[in-house]
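Per-entry structural report
So the chains spell out like this:
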Amino acid sequence: MIEASNISVSYGRKLILDGVSFTAQPGELTAIVGPNGSGKSTLLKALSGDLPYSGIIRLNGNDIARQSVLDLAIQRGVLPQASSLSFPFRVREVIEIGLGAGVHGDQHHITQLALDRVGLAGFSEHLYQELSGGQQQRVQLARVLAQIWHPVGENGPCWLLLDEPVSSLDIAHQLGVMQIAQDFARAGGGVVAVMHDLNLTAMFADRMAVLHDGRCLASGKTQDVFRDEVLSAAYMCRIQTACLPGTGIRYFLPQTSGRVAQAG
Amino acid sequence: MASVIDTPVADPLIQDLRRRRKAGAVHAALFALLLVTALASLTVGATGVSLGGAGWDFMVGRQIGVLEATVLWDIRAPRTIMGILVGAALAVSGAVMQGLFRNPLADPGLLGVSAGASLGAVGAIVLGVWLPAAVVGFFGFALLPLAAFLGAWVVMLTLYGLATRRGRTSVGTMLLGGIGISALAGALNGLMVFIADDLQLRELTFWGLGSLTGATWAKTVVAGPVILVSTLAAMSLAQGLNSLSVGEATARHIGVDVQTLKRWAILSVAAATGAAVAVSGGIGFIGIVVPHLLRLATGADHRRLLLNAALLGASLLLGADMISRVIVAPTELPIGIVTAVLGAPVFLWILLRQRGVVDI
């Protein structure tokens, strides 16, 4: 389980996260949503151990501030919003970089499986820089998957922390990547994903947390939180949600009739 | 056996075996090149003494002449060993700095390490005359290399202190700090040149342009282990530097202790470059050209790159040293001129080829 209690993060004097508490369960995909600047990526960076924060974050029951980078790497992989490589590495080599954390066993086999998982099986000898943006993003996902290949490790469930994992993908690949994340959760791992696309969130997330202005506006099961009033207040525009007949999956349509009052 | 073209999607294990064979072949070829250049370095020179001639004399049981023994053992052998060590150190230091800064144009010169070493050496040449005779006598020939080594370390520790805040070292701050410190060291160097007498000026010029002329067994015994250990330490960072290529945050996510990696990279490069500059002066371009050529030929993986850089850097410096010995024989051209004349066009050629993809 990931438990974040009363997390605050400041950049200089500006308070980016203001006492946010957040929980994610293994076996579930938990989405963090909210408008630009609401603190979604900052919360994920704090959960990843990238930022100094006040409060306490526990990963599988242990305070992340007291764990070594290697211990954390064995338990969770992080997919950043954007990744650039400084030198012309081959795709296979990028995946192998992720294997440094201590994945034991047949590295070549895992590399191939990870590439196959993201639909890039024939690309292992391609130069990373020659791939499209979407392909590069999938290679990075394969690198993270290879790092924590088994959703449940010796120390408990492993975690995928994804920062906007579908931002430069077409709709088919968006669905594919979200399916990979959901499958990881169904196999016993945990997934926390920062999401911009609310409809994908409604389709794949078991739980969601809605941030606004550095605070958690609402959190809980997706069907409970994915509501007109919550989303409208968070995004400060009129949002109308509905349910796809016969599926139980909710979706939203933005309305053009102006902004709503600022959330408090 | 089926060709690669016949089997575009080969078994991953076979692909891996092929890659390992290819990488092994490249290592072997570079090692052979180093062996050939080292033997050539022992046999080429202004005196006409050759390794083959002395070797023949030895084999047929003839007494090897004093001149041959002196030239081969006391002059060329330490020079060749020093050439190998300095060439390897400069090339590996360049590759490590580029990996650390995630920039193909970085090298120890950019951080001011070379400038610091130069300042130390120039200070020893110019201000050494004012030191008490006992001090000069105590340090002897080691005064200049020690001063250079000290200069490199003072710069590196200052820079590290400047760029480290709350336990994290900012690579960007180091880069900018390095530019500032290089400028300051350059100005102080200029001041030394201004107050130097004619004899000192000639020594300064020769030292500034780099040379292996002064390589002796005594210097090799003192500086050799420092260069060797620090270069090997730098080479051991290959896996971490690969991780750093994806970015600092991602390297941490993968499980790399980035701060420790940076500290080792900086300290090992400062020691290797400081000791190399201390014994051979300012030799440019090896640290930039060698890693570039190798990345084009064998890829960016530091696990291969650093070993190959050591082998090719050593061969190139020995080659440049041979040219510097024979091109204006019986005198010698400073080796820095040879490496710059050969290296700068190669560097520009690389830049032209990569104009579209080099992004700083």
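Let us look at the structure shown here. Throughout this document, residue positions are counted from 1 along each chain, in the order its sequence is written. Chain labels run from A onward and ligand labels from 1 onward, assigned in the order the entries are written. Predicted model: local features are reported for residues with pLDDT of at least 70 only, side-chain atom pairs are reported and counted for 80 or more only, and whole-chain, interface and lining totals are derived from all residues.

A short note on the overall build of chain B
Here a strand is any run of E in DSSP of at least two residues, a helix any run of H or I of at least four, and the numbering for each starts at the N terminus. Tallying secondary structure elements over chain B gives 15 helices and two strands in all. In this setup the radius of gyration rests on C-alpha atoms only. A globule is expected at 2.2 Å times the number of residues raised to 0.38. Taken against the 2.2 N^0.38 rule, which gives 21 Å for 360 residues, the C-alpha radius of gyration of chain B at 22 Å falls within 12% of a compact globule. Structurally, chain B occupies a C-alpha span of about 65 × 60 × 35 Å along its principal axes. Counting the 360 residues in chain B, one finds 46% classified as buried. The long-range share in chain B, meaning contacts at least 24 apart out of those at least 6 apart in sequence, stands at 80%. Buried, partly exposed and exposed are defined by the number of other C-beta atoms within 10 Å of a residue's own C-beta, namely 20 or more, between the two limits, and 12 or fewer respectively, with C-beta atoms placed from the backbone. In this description, a residue-residue contact is defined by the distance between C-beta atoms placed from the backbone, which must lie within 7 Å.

Some remarks on the nonpolar core
Counting 176 residues, the largest nonpolar core has Ala-181 of chain A together with Val-92 of chain B as its most contacted members. The element that contributes the greatest number of residues to this core is helix 3 (residues 66-101) of chain B, accounting for 14 residues. Dropping the residues within four chain positions of it, Ala-181 of chain A is found in contact with Leu-29, Leu-160, Leu-162, Pro-165, Val-191, Ala-193 and Phe-204 of chain A. Buried Ala, Val, Leu, Ile, Met, Phe, Trp, Tyr and Cys residues form a nonpolar core when they are connected through C-beta atoms within 7 Å.

Observations concerning the sheet that holds strand 11 (residues 207-212) of chain A
All names here are of chain A. What the six strands build is an open sheet, ordered 6-9-10-3-11-12; its pairing is mixed. Each of the sheet's edge strands pairs with one partner strand only, and the pair in question is strand 6 (76-79) and strand 12 (215-221). Along the sheet, successive strands turn relative to each other by an average axial angle of 15 degrees, direction set aside. Any two strands are treated as partners once DSSP identifies two or more bridges connecting them. Pairing of strand 3 (residues 29-33) with strand 11, which is carried by four bridges, proceeds in the parallel orientation. Counted as the bridge partner of Ala-31 is Met-208 from strand 11. In this description, a line fitted to the C-alpha atoms serves as the axis of each element, helices being fitted only across the stretch in contact, and the angle between N-to-C directions of two axes falls anywhere from 0 to 180 degrees. Across the sheet, helix 6 (residues 171-186) is in contact with strand 3, strand 9 (159-163) and strand 10 (190-194); its angle to strand 10 comes to roughly 150 degrees.

Some remarks on the environment of Ser-93 of chain B
All names here are of chain B. One can find Ser-93 in helix 3. The exposure class assigned to Ser-93 is buried, which follows from the 33 C-beta atoms found within 10 Å. Each residue touching Ser-93, except ones within four places of it in the same chain, is listed here: Pro-108, Ala-234, Val-269, Ala-272, Thr-273 and Gly-287.

Here's the deal with the interface of chain B and chain A
Interface size is commonly expressed as the accessible area that is lost once the parts come together. Contact with chain B, which involves 24 residues of that partner, is made by 25 residues of chain A. All amino acids are sorted into three groups, where Ala, Val, Leu, Ile, Met, Phe, Trp, Tyr, Cys and Pro are nonpolar, Asp, Glu, Lys and Arg are charged, and the leftover types, Gly among them, are polar. Here the residues of the side of chain B that touches chain A sort into eight nonpolar, ten polar and six charged.

Considerations on the pairing of strand 12 of chain A
All names here are of chain A. Bridging between strand 11 and strand 12 involves six bridges; their strand directions are antiparallel. Bridge assignment links Leu-211 to a residue of strand 12, and that residue is Cys-216. Between strand 11 and strand 12, which pair antiparallel and follow one another directly, the connecting turn spans two residues, one of which, Asp-213, has a positive phi of 55 degrees.

Quick word on the sheet that holds strand 1 (residues 2-11) of chain A
Residue and element names in this part refer to chain A. Spatially, four strands are ordered 2-1-4-5 in an open sheet, and the strand pairing comes out antiparallel. The open sheet has two edge strands, strand 2 (14-24) and strand 5 (62-63), and neither has a second partner. Note: strand 4 (residues 54-59) against strand 5, two bridges, orientation antiparallel. Within strand 5, the position partnered with Arg-58 by the bridge is Asp-63.

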